[in-house]
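# Coordinate inspection notes
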Amino acid sequence: MKGIKIVFWVLWRIWFYILMAIPILIMLPFLLISIISESGYPYFFKMARIWAKFILFGMGFYYRIERQQKLVKNKSYMIVANHTSMTDIMLMLAVVKNPFVFVGKKELSKIPLFGFFYKRTCILVDRNSSRSKNEVFKRAQNRLNQGLSICIFPEGGVPDDESVLLDEFKDGAFRLAIDHQIPIVPIVFADNKERFSYTFFSGSPGKMRVKVLPFVETNGLKSDHRKELRDQVRQIIYKGLLEFKKKEKLK
C-alpha cells in the first residue's frame, strides 16, 4: 500500500507542473501581449485567474469561501494570508477578483515557463539583501499608486517545520498599508498544507476552505504603529486557523 501511495504522489506532483504549463502555452500570445507594459496587467491578471482555477480543478481541489467582508471594485488593499503551500498562489488568485500583484521570493522565478511570467509581473524579493528589500518597497508603492492591490504572505516564506501553525510576521506589508492608508485583508487558508505541502510524499485531492476575515483599517495610523498592526493582524489570522482546527476536532 505504501508503494502505491509513493507512486501516486510522484505522478501527482509531476501532473501539477504539467497543469501549470498547459494554460500558459494555450494563452501564450495573449500573455506576452499583456506584459509588454504595466498598463496591460489587469488583462494578465484575468488570465492568471483562469490559469489558477485550471490547476486547482485539475488537481482535484475544490474550494469553499466564506467572506465576512467583500472587497470593493477599483479600490486598493493589502492582502495577507498564512503561507503553507505553493497552491496558496493559485487559491489566492481564485479567491480575489480585484487585480493585485504578488510580492514573492525570487527562487520561484527559476521554474520553467511559469518563472518567465512570474518575474515580469510579480515583485521579487531577495530576503538576504537589504537593497532588494528597499527596491521591493519602491515597486510596491508604484503598483499601489496605479490603483492595484498588493498581496504579501507576511511570514516571509513557508516554515521549515510543518508543525508550526503560523510563523512570525515581517513588517513590510504593514508599513506599506500604513503609508498608503489602505485596508488590510486578512485571509485564512485552512487546508492547503494538508492538500499540497512542500513535503514531496504527501497531499491528496480534496477541499480547500478559505475565510476572508473583516478588514483591518489603517486610517490615521503612523509608521510607529506598524509592529502593533502586524501583531494584531497575525493574531486575527491565528485565531481563524484555530477555529478551523476546532471544527475538525468536533467532526
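One can find the structure itself at the top, above this paragraph.
The text that follows walks through the structure, step by step, so that each part is easy to find. (Residues numbered from 1 in each chain as written. Predicted model: local features only at pLDDT ≥ 70, side-chain atom pairs only at ≥ 80, totals over all residues. Heavy atoms only, no water.)

Now for the overall build of the chain. Of regular secondary structure, the chain possesses 9 helices and 7 strands. A globule of 251 residues ought to have a C-alpha radius of gyration of about 18 Å, and the chain, at 18 Å, matches this closely. Expressed along its principal axes, the backbone C-alpha trace of the chain runs to roughly 60 × 50 × 35 Å. The burial tally for the chain puts 48% of its 251 residues in the buried class. Restricting the contact set of the chain to residue pairs at least 6 apart, pairs at least 24 apart contribute 75%. Summed over all atoms, the accessible surface of the chain reaches about 13,100 Å², with 57% contributed by carbon and sulfur. (Helix = DSSP H or I, 4+ residues; strand = E, 2+ residues; numbered from the N terminus. Rg over C-alpha atoms; globule rule 2.2 N^0.38 Å. Buried < 20%, exposed > 50% of the residue type's maximum accessible area, 1.4 Å probe, protein only. Contact = heavy atoms within 4.5 Å. Areas by Shrake-Rupley, 256 points an atom, 1.4 Å probe, with all protein chains shown as cover.)

Glancing now at the environment of G104. Note on placement: G104 falls in strand β3 (residues 100–105). Taking the relative accessible area as the measure of exposure, G104 reaches 10% and is therefore buried. On a C-alpha basis, the gap between G104 and Y43 in space is 20 Å, while along the polypeptide they are 61 residues apart. Setting aside residues up to four positions removed in sequence, G104 forms contacts with Y118, I123, L124 and V125.

Here we take up the packing of helix α3 (residues 41–58) against helix α4 (residues 87–95). For the pair α3 and α4, interaxial distance at closest approach is 8 Å and the crossing angle is 120°. Between α3 and α4, the crossing angle belongs to the class labelled oblique. In terms of crossing hand, the pair formed by α3 and α4 is left-handed. On the side of α3, the interface is formed by F45, A48, R49, W51, A52, K53, I55 and L56, while α4 contributes I89, M90, L91, L93 and A94. Counted by class, the contact of α3 with α4 contains 11 nonpolar, no polar and 2 charged residues. (Axes fitted to C-alpha atoms, helices over the stretch in contact; angles between N-to-C directions. Parallel < 35°, antiparallel > 145°, perpendicular 65-115°, else oblique. Left-handed = near helix turned anticlockwise from the far one by under 90°. Nonpolar A, V, L, I, M, F, W, Y, C, P; charged D, E, K, R; others polar.)

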